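# Working through the structure, step by step
Residue-level listing of the chains:
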Amino acid sequence: MLSKIIEDALNKQVTVEAASSQVYLAMASWAETLGFEGVATFMYAHSDEEREHMLKLVKFINERGGHAKVSLLEAPPAEFGSFKEMFENLFEHEVKVSKSINDLVDITLKQKDYATHNFLQWYVSEQIEEEALARNILDKINLIGDDKGGLYLFDNDVKRLIGSQAEPDSN
Ligand code: FEO
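On a predicted model such as this, the values are computed, not experimentally measured, just so you know.

What counts and how
- Residues numbered from 1 in each chain as written.
- Predicted model: local features only at pLDDT ≥ 70, side-chain atom pairs only at ≥ 80, totals over all residues.
- Heavy atoms only, no water.
- Phe/Tyr/Trp six-rings, centres within 6.5 Å; stacked < 30°, edge-to-face > 60°.
- Helix = DSSP H or I, 4+ residues; strand = E, 2+ residues; numbered from the N terminus.
- Buried < 20%, exposed > 50% of the residue type's maximum accessible area, 1.4 Å probe, protein only.
- Lys NZ or Arg CZ within 6 Å of the ring centre and 35° of its normal.
- Arc of directions from axis to C-beta.
- Contact = heavy atoms within 4.5 Å.
- Core = buried A, V, L, I, M, F, W, Y, C linked by side-chain atoms within 4.5 Å.
- Axes fitted to C-alpha atoms, helices over the stretch in contact; angles between N-to-C directions.
- Parallel < 35°, antiparallel > 145°, perpendicular 65-115°, else oblique.
- Left-handed = near helix turned anticlockwise from the far one by under 90°.
- Nonpolar A, V, L, I, M, F, W, Y, C, P; charged D, E, K, R; others polar.
- Salt bridge = Lys/Arg side-chain N within 4 Å of Asp/Glu carboxyl O.

Glancing now at the packing of aromatic side chains. In the structure shown here, the tally under the stated rule is eight aromatic pairs. Considering the side-chain rings of F42 and F87, the 6.3 Å spacing of their centres and the 55 degrees angle between planes classify their relative orientation as tilted. Remark: F87 occurs in helix α3 (residues 83-110) and F42 occurs in helix α2 (residues 37-63); sequence separation between them is 45 residues. Note on F87: relative accessible area 0%, which makes it buried. On the basis of an interplanar angle of 85 degrees and a centroid distance of 5.9 Å, the ring pair of F87 and F154 is categorised as edge-to-face. Of this pair, F87 sits in helix α3 while F154 sits in helix α5 (residues 148-158), placing them 67 residues apart in sequence. The side chain of K56 reaches across the aromatic face of W122, ending 4.3 Å from its centre.

As structure tokens, then:
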């Protein structure tokens, strides 16, 4: 059974993951309107992943006797400047999500909720992967700079990274 403190903290994370899914969906749509099919495909897949992260939390909260809540979300921006800015935005977003997961882990230790602590380890590993992936993409974008041909190749290339976002375990 979840304590109210843990339930509220997990519900906050539900909102964080839902907001991530929305931001990445907005990025996907923006890239698609610019004709960058690869980046759009990558971002649509990333948005779906964030929804999975959210659903995993929803199910855990309910399974443990709590009630997962769906909350109102702020509209994300519709445009992101450049791909460099967009991926910088994505990286910074993931760093914030990692901080939010770490804070949550900290609360479970203080509350001695070892079941939730154990459950959250999946998210800890996932955040390591997500930050590494975002950093990897940013490195590529920085190499390309404003080169149009480079961006075209990058668009083709980035689709291959979708597979590397596989979940760390089969849960
Ligand atoms: Fe679910 Fe990318 O954090």
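Before going further, it helps to spend a moment on α5. Those residues of α5 that sit buried are G150, L151, F154, D155 and V158. One face of α5 carries all of its buried residues, which in axial projection span an arc of 145 degrees. Facing away from the buried side of α5 by more than 90 degrees, the exposed set consists of Y152 and L153. Of the surrounding elements, those touching the buried residues of α5 are α2, α3 and α4 (114-144).

Formed by 28 residues in total, the largest nonpolar core has its most connected members in V39, M43, F83, M86, F87, I137 and F154. Among the secondary structure elements, those contributing two or more residues to this core are α1 (4-33), α2, α3, α4 and α5. Among the elements that line this core, the one with the most residues is α1, at seven residues. Of all hydrophobic cores here, the second largest spans 20 residues; its members include L2, A9, V14 and V97.

Bringing the packing of α3 against α4 into the picture now. Running from N to C, α3 and α4 point in directions that differ by 160 degrees, and their axes come no closer than 9 Å. By the criterion of interaxial angle, the relationship of α3 to α4 is roughly antiparallel. Classified by chirality, the crossing of α4 by α3 is left-handed. The residue makeup of the contact of α3 with α4, split by class, is 18 nonpolar, six polar and six charged.

Structurally, Y152 is set in helix α5. Separated by 56 residues in sequence, Y152 and K96 place their C-alpha atoms 30 Å apart.

When their charged atoms lie close together, side chains carrying opposite charge are able to pair. In total, this model carries seven salt bridges according to the counting rule given. The residue E37 makes a salt bridge to K159 at a minimum N-O spacing of 3.9 Å. Pair noted here: E37 is in helix α2 and K159 is in the segment after α5, with a separation of 122 residues, a long-range link. Put simply, D157 and R160 hold a salt bridge, and the shortest N to O gap is 2.6 Å. A residue is classified by how much of its surface remains accessible, and D157, at 23% relative accessible area, is partly exposed. A residue is classified by how much of its surface remains accessible, and R160, at 65% relative accessible area, is exposed.

Along the chain, A78 turns up in the loop between α2 and α3. We classify A78 as exposed; its relative accessible area is 61%. Between the alpha carbons of A78 and A26 there is a distance of 6.0 Å; along the sequence they are 52 residues apart. Setting aside residues up to four positions removed in sequence, A78 forms contacts with A26 and W30.

Honestly, that's just the spatial picture; any functional story needs more than this.
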